[in-house]
Amino acid sequence: MRTKEINFAKYSSFKIGEVFQVALLEDEFSQIENFYLIGSANNTLVGHNPPPLMMLSKMYDYIKIEENTLKIGGATPSGKIASFCKKHNIANFEFLSHLPGKLGGLVFMNAGLKEYEIFNYLLDITTPSGSHKREEIQYGYRKTDIHEPILEASFELHSGYSLEKVTMFQKMRANQPSTPSAGSCFKNPSNEYAGRLIEAVGLKGVLRGDMCFSQEHANFLVNTNKGKFEDAIWLIKEAQKRVLKAFGIFLECEIVILDRLYLSEQSPLKPKSLETEH
């Protein structure tokens, strides 16, 4: 199996991490259960001792139109999809120009902006086990029950690229910090906002090393300079502890944390679960 050397301090959106060898998934699927799949690492915090990592190879980076259907490879970057749709006057993907990541990860977590989600026009996905229609997949707000690499996804094809929607999505993202981060750190609890809870317990803007919950948006854990994994983990656990004590709410991570020591010590406040990012 071919591998690729990746420096996560440069590659990940957090700008935190070390250099690791990452296996490339091509057309041999017999060993995939031994790896955790990553994509562009836009919602991933990689520690000092991650589990074996894998990513889709370039053979899954493509966009094509077949039989009035838009087919996109799992390794295709969101920016490439947005540009293709603009060039070919394709509707309903305008929000992707403001969501970093690759197609597989976007589908895996049902990425979106408010009610505009990747599943809205999804027809089916292709994984190593075959094709799966949207109706067969359980999905909701920023989650799915997909547990395989997403090699390809097919979408309804509609014309009418909207510049008005692009402007609307720009405004929706205007309050989000440009400092290196992994986007929203925690999922919003039911009828609540994680950012409000973090601010209420006094953690907004508090520095731990070079890491802090942003002054612009408290649910964004940001790297202000040369942030370290340990400081990021401290802030995540501290926020969970304080919010649980003050409000009785456990903040569930939206970011994916890949580190064996962290996973073995994961908070006793809630049963351990592990998600991966495409």
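This is a predicted model, so every value here is computed, not measured.

A. Quick peek at the overall build of the protein. Secondary structure summary: the protein contains seven helices and 19 strands in total. Its C-alpha radius of gyration of 19 Å places the protein within 12% of the 19 Å reference for a compact globule of 278 residues. Within the protein, the fraction of its 278 residues that count as buried is 51%. Considering only contacts within the protein whose residues lie at least 6 apart along the sequence, 62% involve residues at least 24 apart. For the protein, the accessible surface area stands at approximately 13,500 Å², while carbon and sulfur atoms represent 49% of it.

B. Structural context of the environment of K133. You can see K133 is positioned in strand β11 (residues 130-133). For K133, a relative accessible area of 48% corresponds to the partly exposed category. When the C-alpha positions of K133 and S154 are compared, they lie 9.4 Å apart, and in sequence the two are 21 residues distant. Look past the residues within four positions of K133 in its chain and what remains in contact with it is L123 and D124.

C. Structural view of the sheet that holds strand β3 (residues 36-37). The strand order across the open sheet built from four strands is β1-β2-β5-β3, with neighbouring strands paired in mixed fashion. Both outer strands of the open sheet, β1 (3-7) and β3, are each paired with one neighbouring strand and no more. In the sheet, strand β2 (residues 19-25) pairs with strand β5 (residues 53-56) via three bridges, with the strands oriented parallel. Of the residues in β5, the one forming a bridge with L25 is L56.

D. Structural context of the nonpolar core. Grouped together as the largest cluster of nonpolar side chains are 31 residues, with contacts concentrated most on L70, V107 and F155. In terms of residue count, the dominant contributor to this core is helix α3 (residues 103-108) (four residues). When near neighbours in sequence (up to four residues on either side) are disregarded, F155 contacts T69, L70, I72, F93, L103, V107, I118, Y121, L122 and L123. Core analysis: the second largest hydrophobic core is formed by 28 residues, L221, I233, I257 and L263 among them.

E. Representation of the pairing of β5 in the model. Every second residue of β5 is oriented toward a common face, with L53 and M55 on one face and M54 and L56 on the other, all of them buried. Looking at chain direction, β3 and β5 are connected through two bridges and run parallel. For L37, the partnering residue across the bridge sits in β5 and is M54.

Definitions and limits used
Residues numbered from 1 in each chain as written. Predicted model: local features only at pLDDT ≥ 70, side-chain atom pairs only at ≥ 80, totals over all residues. Heavy atoms only, no water. Helix = DSSP H or I, 4+ residues; strand = E, 2+ residues; numbered from the N terminus. Rg over C-alpha atoms; globule rule 2.2 N^0.38 Å. Buried < 20%, exposed > 50% of the residue type's maximum accessible area, 1.4 Å probe, protein only. Contact = heavy atoms within 4.5 Å. Areas by Shrake-Rupley, 256 points an atom, 1.4 Å probe, with all protein chains shown as cover. Pairing = 2+ DSSP bridges. Core = buried A, V, L, I, M, F, W, Y, C linked by side-chain atoms within 4.5 Å.

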